[in-house]
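# Residue-level structure breakdown
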Amino acid sequence: MALQLPREWRWRQERYRLIGGRCRRCGQAFFPHREICPRCLGEDVAKEQFSGRGRVYSYATVYKAPVGFEEYVPYVVALVQLEEGALVAAQLTDVDPTEVQIGMPVECVLRRWRTNGPDGNIIYGYKFRPRLES
Amino acid sequence: MPAMRPSRPIGILGYGAYIPRYRLQASEVARVWHGGQDHVPIAQKAVAGPDEDAITMAVEAARNALARAGIAGERLQAVWVGSESHPYAVKPSSTIVAEALGAGPLALAADVEFACKAGSEALQMAVALVGSGMADCALAIGADTAQGRPADELEYTAGSGAAAFVVGLADEAVALLEGSVSYVSDTPDFFRRGQEHYPRHGGRFTGEPGYFAHVLAAGRELLSSLGRSPADYAYVVLHQPNPKFPARAAAELGFRPEQWQPGLLVDRIGNTYAASSLLGLTAVLDRAEPGERVFFVSFGSGAGSDALSLVVTEKLPLRRHQAPATASYIARQQLLDYATYARFRGKIAL
């Protein structure tokens, strides 16, 4: 708990606003942000807030959850390919696991991830749900 | 007393709704607690999912409002979140919402609490800040995951939802603010003590001394101070704890059913507390035409009402499609049985 607070806090912008990286040399978009481009190893990486729109690239259904996620079982964890090209590993929400398909259009929403117990802090972050047409 | 008017022309730059996906039918509550025999007040209410709370719902409504306003979060000089279900007792929802929107750090942020009027009170604060010239852009949100005690009559209607409004200068507004009235008194119609999970209602104070006294007084005061009659308005939106109260109050003010029905959502989503009247306003803005006027009166227990008069500008039809319509959130629905509802809303202690 004492060690987690600063770590969770440091990630808040990436998690709340889906801010990742884009390599200024090769153009690759990736998430989370890193100092070095995982594609060309270039060291000139810009921060970028992604659109949040993407498609399910692959997924798995979780029946035995890690600590803190028990209340969501069964739930789907997916690799989402964003329109910008980056792959994001994230929980899907507002969807029955049997409805999930590869290629399904999804969009990013801010949701609760977990809490540090009943008197601890609440950790919020990105999840993806089936896209709601406007 | 004259209506409150801004010192310079201002209005709503963008509005946004959010309603969670899940619904609990009132017949399901009656089945579990009343042998299916009770007379139910509404068809169904909206229920937040297990990973939702007032903060997450406020963020989605606010992102929709910013999309319609066509501005980035960094333009916001104030973020005010009205709710009776702030996830923390101490730690503002508003700073989390602001950070998620990209607002601040140079900004005002605070949580507002006034039962079902917390969101419209936040809207009045935004109107005051922008209308006085102290800021050009402020965000007001009403968001709640309202809880009724199991088996209590409030359990039929206590729902979840959020609505957000960006207030700014008139030349960019989709609806102009013409004036407002706020009306409050110490009324023990509904309350929840600090450490209690569920609220209590003060029986006979609910109807006449609570809802009707405040809604009618604020509404009549605004009409008379603006020199208007109900016929000047295309729409009227009132706080909607059930379908009967707003219909009766609107009729007593002199409005007709075709003026209040488009903004009356309670039968399909329940009483979303701080979002209730504000969501009705978003539904009306989804269909109002330039030049049409909207009459709005909230109500919050404890008690008070905010009454506002708005007139739609030619910008509204161009901007309303920049975010999902309130009707599309209402149409997106997944029914829950009572057991799943109890699990989602933490009513089962493990």
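Before reading further, recall that the structure is shown in the block above.
So, a few notes on the structure that sits alongside this text. Only a predicted model underlies this, so the values are computations on that prediction, with no experimental measurement involved.

Summing up its helical and strand segments, chain A has two helices and eight strands in all. Across chain A, helices and strands are ordered from the amino to the carboxyl terminus as α-α-β-β-β-β-β-β-β-β. Here the C-alpha radius of gyration of chain A, 16 Å, is about what a compact globule of 134 residues would show, namely 14 Å. Projecting the C-alpha coordinates of chain A onto the three principal axes gives extents of approximately 45 × 40 × 30 Å. Here chain A, with 134 residues, has 46% of them falling under the buried criterion. Summarising the internal contacts of chain A: among those between residues at least 6 apart in sequence, 48% fall at separations of at least 24. With an accessible surface of roughly 7,400 Å², chain A has 50% of that area assigned to carbon and sulfur atoms. Side-chain charges in chain A split into 20 positive and 16 negative, and the spacing between the mean points of these groups amounts to 4 Å.

This part is about the sheet that holds strand 8 (residues 175-184) of chain B. All names here are of chain B. The strand order 5-4-6-7-1-8-13-12-11 describes an open sheet built from nine strands, whose pairing is mixed. Taken across any chain shown, the strands that pair with only one partner, and hence form the sheet edges, are strand 5 (108-112) and strand 11 (235-238). Averaged over all pairs of adjacent strands, the angle between strand axes in this sheet comes to 20°, irrespective of strand direction. Direction of pairing for strand 8 relative to strand 13 (residues 304-312): antiparallel, over a ladder of nine bridges. Along strand 13, the bridge assignment pairs alanine 175 with valine 312. The sheet contacts of helix 5 (residues 206-226) involve strand 8, strand 11, strand 12 (293-297) and strand 13, and relative to strand 8 the element is tilted by about 135°.

Residues and elements named next belong to chain A. Position of leucine 92 among the secondary structure elements: in the loop between strand 6 (87-91) and strand 7 (105-115). Of the residues examined, leucine 92 reaches a relative accessible area of 5% and is grouped as buried. A C-alpha to C-alpha distance of 9.6 Å links leucine 92 and leucine 79, two positions 13 residues apart in sequence. If near-sequence neighbours (up to four positions away) are discounted, leucine 92 is found in contact with Val56, Val76, Ala78, Val80, Val100 and Phe128.

Here the focus is helix 5 of chain B. One turn of the α-helix equals 3.6 residues, which is why residues spaced by three or four share an orientation. Residue and element names in this part refer to chain B. Spanning 21 residues, helix 5 covers 29 Å between terminal C-alpha atoms, matching the ideal 30 Å at 1.5 Å per step. Maximal helix bending in helix 5 amounts to about 35°, located at phenylalanine 212. Residues of helix 5 that are buried include every one of Gly207, Gly210, Tyr211, Phe212, His214, Val215, Leu216, Ala218, Gly219, Leu222, Leu223 and Leu226, and no others. Contacts made by the buried residues of helix 5 are with strand 8, strand 11, helix 6 (244-253), strand 12 and strand 13.

Strand order in the open sheet made by the five strands is 6-5-4-7-8 (chain A), with antiparallel pairing throughout. Because the sheet does not close on itself, it has two edges, and the strands there are strand 6 and strand 8 (122-130) of chain A. Averaged over all pairs of adjacent strands, the angle between their axes in this sheet comes to 30°, without regard to strand direction. Looking at chain direction, strand 7 of chain A and strand 8 of chain A are connected through nine bridges and run antiparallel. By the bridge assignment for strand 8 of chain A, arginine 111 of chain A is matched with glycine 125 of chain A. Contacting strand 7 and strand 8 of chain A, helix 2 (residues 54-69) of chain B crosses the sheet at an angle of about 150° to strand 7 of chain A.

Glancing now at the packing of helix 2 of chain B against helix 3 (residues 93-101) of chain B. Residues and elements named next belong to chain B. Their axes nearest at 10 Å, the elements helix 2 and helix 3 cross at an angle of 45°. Taken together, the axes of helix 2 and helix 3 lie oblique to each other. By crossing handedness, the relation of helix 2 to helix 3 is classed as right-handed. Of the residues in helix 3, those touching helix 2 at Ile55, Ala58, Val59, Ala62, Arg63 and Leu66 are Ser93, Ile96, Val97, Ala100 and Leu101. A per-class count over the contact of helix 2 with helix 3 returns nine nonpolar, one polar and one charged.

Residues and elements named next belong to chain B. It is at 10 Å that the axes of helix 5 and helix 6 come closest, and there the two elements cross at 40°. When the axis of helix 5 is compared with that of helix 6, the two are oblique. At the point where helix 5 passes helix 6, the crossing takes the right-handed sense. Of helix 6, the residues touching helix 5 (which contributes Thr206, Gly207, Glu208, Tyr211, Phe212, Val215, Leu216, Gly219, Arg220 and Leu223) are Phe245, Pro246, Arg248, Ala249, Glu252 and Leu253.

Now for the interface of chain B and chain A. Tallying the contact residues gives 26 residues for chain B and 26 residues for chain A. Regarding the contact of chain B and chain A, the summed buried area is about 2,100 Å², with carbon and sulfur atoms giving 48% of it. Counting the surface chain B buries against chain A, the share from its top three residues, Asp51, Tyr88 and Glu99 of chain B, is 27%. Summed over the shared surface of chain B and chain A, the result is eight salt bridges. The partner of aspartate 51 of chain B in a salt bridge is lysine 127 of chain A, with the nearest N and O atoms 2.9 Å apart. Across the chain B-chain A interface, the total number found is 17 residue pairs in polar contact (both at pLDDT 80 or more). Of all elements in the fold, only helix 2, helix 3 and helix 11 (326-331) of chain B reach the threshold of two or more residues within the side of chain B that touches chain A. The greatest single-element share of the side of chain B that touches chain A, amounting to five residues, is contributed by helix 2 of chain B. Among the residues forming the side of chain B that touches chain A, the class breakdown is 13 nonpolar, four polar and nine charged.

So, about the environment of proline 290 of chain B. All names here are of chain B. Here proline 290 shows up in the loop between helix 9 (276-285) and strand 12. The exposure class assigned to proline 290 is partly exposed, which follows from its relative accessible area of 37%. For the pair formed by proline 290 and valine 312, sequence separation is 22 residues and the distance between their alpha carbons is 4.8 Å. Non-local contacts of proline 290, meaning those with residues more than four positions away in its chain, are made with Val312, Thr313, Glu314 and Pro317.

Right, let's talk about the pairing of strand 4 (residues 53-62) of chain A for a bit. All names here are of chain A. As defined by bridge partners, strand 4 adjoins strand 7 across three bridges and the pair is classed as antiparallel. Paired with arginine 53 across the bridge in strand 7 is glutamate 107. Both strand 4 and strand 5 (residues 75-82) contribute to a ladder of eight bridges, which runs antiparallel. Following the sheet pairing, valine 56 is matched in strand 5 by valine 80.

Rules used in this analysis
Residues numbered from 1 in each chain as written. Chains lettered and ligands numbered in written order. Predicted model: local features only at pLDDT ≥ 70, side-chain atom pairs only at ≥ 80, totals over all residues. Heavy atoms only, no water. Helix = DSSP H or I, 4+ residues; strand = E, 2+ residues; numbered from the N terminus. Rg over C-alpha atoms; globule rule 2.2 N^0.38 Å. Buried < 20%, exposed > 50% of the residue type's maximum accessible area, 1.4 Å probe, protein only. Contact = heavy atoms within 4.5 Å. Areas by Shrake-Rupley, 256 points an atom, 1.4 Å probe, with all protein chains shown as cover. Lys, Arg positive; Asp, Glu negative; His and termini not counted. Charge placed at Lys NZ, Arg CZ, Asp CG, Glu CD. Pairing = 2+ DSSP bridges. Axes fitted to C-alpha atoms, helices over the stretch in contact; angles between N-to-C directions. Expected span 1.5 Å × (residues − 1). Bend = angle between axes of the 7 residues up to and from the residue. Parallel < 35°, antiparallel > 145°, perpendicular 65-115°, else oblique. Left-handed = near helix turned anticlockwise from the far one by under 90°. Nonpolar A, V, L, I, M, F, W, Y, C, P; charged D, E, K, R; others polar. Buried area = accessible area lost by both parts, 1.4 Å probe. Salt bridge = Lys/Arg side-chain N within 4 Å of Asp/Glu carboxyl O. Polar contact = N/O pair within 3.5 Å; in protein donor to acceptor, adjacent residues only side chain to side chain.

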